[in-house]
Amino acid sequence: MRNRYLGLLPGLLVLLLLPLGPAAQNSTACARWCPPNSSCVDGTSCRCLPGFSSSSGSEIFTSLLESCDDINECGPPLTVSCGQSADCKNTEGSYYCMCIPGYALVSGAPTFRNESENMCQDVDECSSGQHRCHSSTVCSNTVGSYTCRCRRGWLPKPGFQDKRVTTVCEEIFATWTAPPGIKSQRLSHFFKRLQDLSENFSPASVQNTIQDLIQEVGDLLETPRDLETLPRSEQHFVATNLLFGLEDVLRGLSKSLPNGPLTFSSPTGPALSLEVQDQGDRNITLIQNQTKMMLTWDTVHESGDSGPVVVGLISTPGMGKLLAEAPLVLDTEKQAVLHEAHKDLLQEIHPILLSDVISAFISNKNTQNLSSPVTFVFQHSVIPGPRQEVFCVFWEHGQNGNGHWATKGCRTVGTRDNSTTCQCTHLSAFAVLMVHYEVQEEDPALAVITYVGLGLSLLCLLLVALTFLLCKAIQNTSTSLHLQLSICLFLAHLLFLTAIDRTQIKVLCAIVAGALHYLYLAAFTWMLLEGLHLFLTARNLTVVNYSGVNRFMKWLMFPVGYGVPAVIVAISAATRPNLYGTPTRCWLHSEKGFKWGFLGPVCAIFSVNLALFLMTLWILKSKLSSLNSDMSTLQNTRMLTFKATAQLFILGCTWCLGILQVGPAAHVMAYLFTIINSLQGVFIFLVYCLLSQQVREQWRKWFKGSKKTKAESEKYMLSSGDMSDACRRSGEI
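The name given to the protein in an unreviewed UniProt entry is Adhesion G protein-coupled receptor E2, with the source organism recorded as Camelus ferus. Taken verbatim from the UniProt record of the protein, the Subcellular location (unreviewed entry) comment is "Cell projection, Ruffle membrane". UniProt's Subunit (unreviewed entry) comment on the protein is quoted here verbatim: "Forms a heterodimer, consisting of a large extracellular region non-covalently linked to a seven-transmembrane moiety. Interacts with chondroitin sulfate; the interaction with chondroitin sulfate is calcium-dependent. Interacts with CD55."

The subject of this paragraph is the pairing of strand β24 (residues 403-406). Every other side chain in a regular strand lies on the same face of the sheet, so the side chains alternate between the two faces. Alternating positions in β24 separate into two faces, Gly403 and Trp405 on one and His404 and Ala406 on the other, with burial throughout. As paired elements, strand β19 (residues 328-329) and β24 share two bridges and run parallel to each other. Counted as the bridge partner of Val329 is Ala406 from β24. Two elements, strand β23 (residues 388-397) and β24, share four bridges in a ladder whose sense is antiparallel. In the sheet register, Trp395 faces β24, and the bridge partner there is Trp405. Linkage of β23 to β24, two consecutive antiparallel strands, is achieved through a turn of five residues, within which Gly401 is found at a positive phi near 90 degrees.

An order of β16-β17-β22-β26-β25 is seen for the five strands of this open sheet, with the pairing classed as antiparallel. Both outer strands of the open sheet, β16 (284-288) and β25 (410-416), are each paired with one neighbouring strand and no more. For this sheet the average axis-to-axis angle between neighbouring strands, irrespective of direction, equals 15 degrees. By the bridge criterion, four bridges tie strand β17 (residues 291-295) to strand β22 (residues 374-379) in an arrangement that is antiparallel. Within β22, the residue paired with Met294 across the bridge is Thr375.

The contact between helix α10 (residues 444-470) and helix α11 (residues 477-499) brings their axes to 9 Å, and the two run at 150 degrees. Here α10 is positioned roughly antiparallel relative to α11, judged by the angle of their axes. Seen from above, α10 lies across α11 with left-handed handedness. Between α10, through Thr450, Tyr451, Leu454, Ser457, Leu458, Leu461, Leu462, Val464, Ala465, Phe468 and Leu469, and α11, the contact on the second element is made entirely by Thr479, His482, Leu483, Ser486, Ile487, Leu489, Phe490, His493, Leu494, Phe496 and Leu497. Partitioning the contact of α10 with α11 into residue classes produces 16 nonpolar, six polar and no charged.

The subject of this paragraph is the state of the cysteines. Under the criterion given, the structure shown has 11 disulfides. The residue that forms a disulfide with Cys392 is Cys422, at a sulfur-sulfur distance of 1.8 Å. Its torsion about the S-S bond being -75 degrees, the disulfide of Cys392 and Cys422 is classed as left-handed. Remark: Cys422 occurs in strand β26 (residues 419-424) and Cys392 occurs in strand β23; sequence separation between them is 30 residues. Comparing Cys392 with Cys422 shows no difference in burial state: the two are buried. Each disulfide pairs two cysteine sulfurs, and for Cys410 the partner residue is Cys424, the sulfurs being separated by 2.1 Å. Here the disulfide of Cys410 and Cys424 is right-handed, its torsion about the S-S bond being about 120 degrees.

With an omega of -5 degrees, the peptide bond running from Gly75 to Pro76 counts as cis. Residue position: Pro76 is located in the loop between β5 (68-70) and β6 (86-91). We note that Lys163 has phi near 60 degrees; this positive angle belongs to a residue other than glycine. Mapped onto the fold, Lys163 is located in the loop between β12 (154-156) and β13 (169-171). Despite not being glycine, Gln290 shows a phi value in the positive range, around 65 degrees. Inspection of the secondary structure puts Gln290 in the loop between β16 and β17.

Opposite charge on two side chains lets them pair, provided their charged atoms get close. Within this structure, the stated rule accounts for seven salt bridges. For Arg193, the salt bridge is made with Glu216, and the minimal N-O distance between the two is 3.1 Å. Residue Arg193 is found in helix α5 (residues 185-199), and its partner Glu216 is found in helix α6 (residues 206-222); the two are separated by 23 residues along the sequence. Between Arg251 and Glu247 there is a salt bridge whose closest N-O contact spans 2.8 Å. Separated by four residues within a single helix, Arg251 and Glu247 lie in helix α7 (residues 232-253), roughly one turn from each other. No difference in accessibility class separates Arg251 from Glu247, as the two residues are buried. Here the residues in one salt-bridge network are Lys192, Arg193, Asp196 and Glu216, joined through shared partners.

Calculation criteria
Counting from 1, residues in each chain are numbered in the order their sequence is written. Given that this is a predicted model, residues contribute local features only at a pLDDT of at least 70 and side-chain atom pairs are listed and counted only at 80 or more, while totals for whole chains, interfaces and linings are drawn from all residues. Side-chain figures throughout are based on the complete set of non-hydrogen atoms in the structure, without hydrogens or water. UniProt positions are given in the numbering used here, feature names are shortened, and annotations may be inferred rather than shown by experiment. Only protein chains enter the accessibility calculation, which uses a 1.4 Å probe; a residue is then buried when its area is under 20% of its type maximum, exposed when over 50%, and partly exposed in between. A run of DSSP states H or I qualifies as a helix once it reaches four residues; a run of E qualifies as a strand once it reaches two. Both are numbered from the N-terminal end. Strands qualify as paired when DSSP identifies two bridges or more between them. Fitted lines through C-alpha atoms serve as axes, helices being fitted only where they are in contact, and the angles separating the N-to-C directions of these axes extend from 0 to 180 degrees. Should an angle fall under 35 degrees it is taken as roughly parallel, and over 145 as roughly antiparallel, whereas 65 to 115 is taken as roughly perpendicular and any remaining angle as oblique. Crossings are classed by handedness, with left-handed meaning an anticlockwise turn of the near helix from the far one by less than a right angle and right-handed meaning a clockwise turn. Here, two residues are considered to be in contact whenever any of their heavy atoms come within 4.5 Å of each other. Three residue categories are used. Nonpolar comprises Ala, Val, Leu, Ile, Met, Phe, Trp, Tyr, Cys and Pro, charged comprises Asp, Glu, Lys and Arg, and polar comprises the others, including Gly. Disulfides are defined as cysteine sulfur pairs within 2.5 Å. The working definition used for a salt bridge is a side-chain nitrogen of Lys or Arg within 4 Å of a carboxyl oxygen of Asp or Glu.

Laid out in C-alpha cells, this is it:
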C-alpha cells in the first residue's frame, strides 16, 4: 500500500511546477551567474556596481567569465581631485580625501569627498602639545610641520643635528644662580654679568665667552668688597657656589672648543688649561700656576660618551680669601694616625693654605670613583717645619650648601721642601694645607732613665734566670714560676729596648708589637700563677703537705702561663691585624679600643691577684698560730708571702701609675712610672735572690767550690811544674 503511494510522488511534483511557467524563470536567471560587486540588467546580461569595472572594460557584459574589480580613483591616473594639502585615499568601491600631516579641516571632520569641500589649514603642533620634541629642545612650528631646536646655551649631542624632530641637545652654558640668602651687591653684579654672557652666548664665540668668564671671576676675587664683611660661614657658602658653578659652566663650554690644548688667563689671577681630544692612548698632563695634574686617557674616557673629551685645570688664587678659617675634616684613618703621633694636639685647628686652590674637571660629571688615581704636584713657597703637618685636601660640598676641607679619597705621596705630591681617586677643588701642632717634646731625662733602668733590669733578670736554671738544689715549683716570669720579662724588656721605635717597615713593626703584646701578657699570667701558688700553699698549711699543690701547679702552669696569652694575641691579630703598630711606636693602636686587648687581661689579672693576696693574708692570720712546732715552715711561708706581696706591687701597682698621668701631676707620675717599671728586673733580683737565704747559701757554695777548685788547680799546676823541673835536671845529669 505504501509503495503504491510512493510511486505517485514524481507525478505530483510535475503538476506543482507547471503553473510557474516561463515568467518565473526569466526573473531569477541573472542572480545565478552575475559576479560579485555587480547587478543584473536582464536575464542575459550584468552591470558592475559604481566604483568597479568589468575585466573586459564593457559596461554591460553577458559572459560568465567576467569579473568586477575595484576602480582606484586616487590613480594613477587620478580621476578625482582633493585639492591642496590633502591626499586621496582609495577604498573598496569608493574613496575619500583627508588633510596631510600637519594640516586639519576647519570643521574638525576627519575626511571629505572632493576639492570643493577642502578646508585644510596648518596645525600648530607646538601650542597644541602634539609635538615630540626632547626636553632639551624648544618646539618651533612650521607650515605643515615643526622642528626642535636646542635651547639657548645648548648644542646638539654628538650624533644629532639641530632643528630636527629627533634633535637631542646638551647644556653648554650651564645654569649658574647666586647662592640663596646672601646679601651682597658685589655678588649680584657678578651674576648680572654672568647672565649677560649666557644670553649672548653662541657656539662660534665660545672662546671669547670663556675668556670673559675667567676675567669676571678674577675681578670678583680681586675686589670682593662687601663679601669680605660677611660672616665666615657665608663666605664659605659663596666660595662653594663659585667653585662648583665655575666648574659646571666651564665643563659645558669646553665641549664647543676645537681639539687640542688651550690656555686662558686673566691679569687678576685665574687661569685655565684645557685639553680637548677625540681619542688618545697617552697620559695627559696639564700645568697651571705651579700646579701639575697627570692622569691617564682611560680615566678620562671611561664614561663611554661619544665625541671629544675635555680635561680642564683652573687655578683661582684669590679664592683663599673666602676660604679663610675653613674647617678641616680628616678621615678616620688620618685621625687615628694624628692621635698617635700628636697626642697634645690643639683643640682649635686653623689650617694654613699653602697652595692655590685649583679645580680639576673632565667631560664626564661622574668623577667620584675614578678607575685610577689622578696625581697632583703642588708648588708652595712655605717649607713645613718639624711641628707642621701637610695634607692633600679637597673642598667638599655640604648638604646645606656650605663646605669644608676633607681628605677622604686623597693621600699625600710625599713632601720635598717646597713641593707636595698628592693622589686622589676623585675630582673636585684641591689644595695643600699645613696644620701646626703643639707637640710635647720627649723629656731627655725620661729617655736616659728608661735606657739605664732597662739595662740594669736585663742584667739582673739574666742573673735570676741563670740562678734558678743552674741551681739544682733549690729547684721546685716556686723557683720554676720565678724562672718563667724572669725569662718573659727579660725578652720583653730586650725587645722593647731594641725595637720599640722600628716603625720604618710596617710588617716588621707589627710583628714586634705582637711579640711585645704576648711577652708582657705572659709575664702578668705568670704573676697570676705566683699568686695562685701562694694561696694554695697557705691553704694547705695545716696539713704541711705540698705534694698535691706541686702536682697541680706542674700540670697547670705551662699551659696557662704560655697558652692563655697566645690565645688572646691570636684573637687580636685575627680580628684586627692592621692595628698592630703605630706611626711612632711598635705597640698596640688605640683605635677602636684595641689597647684593651692588653689592658683588659692585665686589669683582670691584677684584680684576681689582689683577691688571692687578701685571702692568703686572712688564712695566714687564722692558722699561723698552730705552726709553733714547725718554725721552718712558718718562716718559709712568711718569706713566700713577702715575695708575693712585693711582686704584686712591683708588677701590678706600678702599671697603675701610667693611668694616673693626667692633670697637674702628670709629669711627676711619668717619672715615677718610668723609674719603677724600668727597674722591675732589679726589684725581682733583690726579692728572689738577694733576700733569699737558700739562694745566698747556694751562691756561697758556688763561691767556695770555685775557690777550692781554683786552689786545687793551682796546686796541680805547681806540682806538675816541679815534676817537669826534676825530670829536666835528671835528664841533664
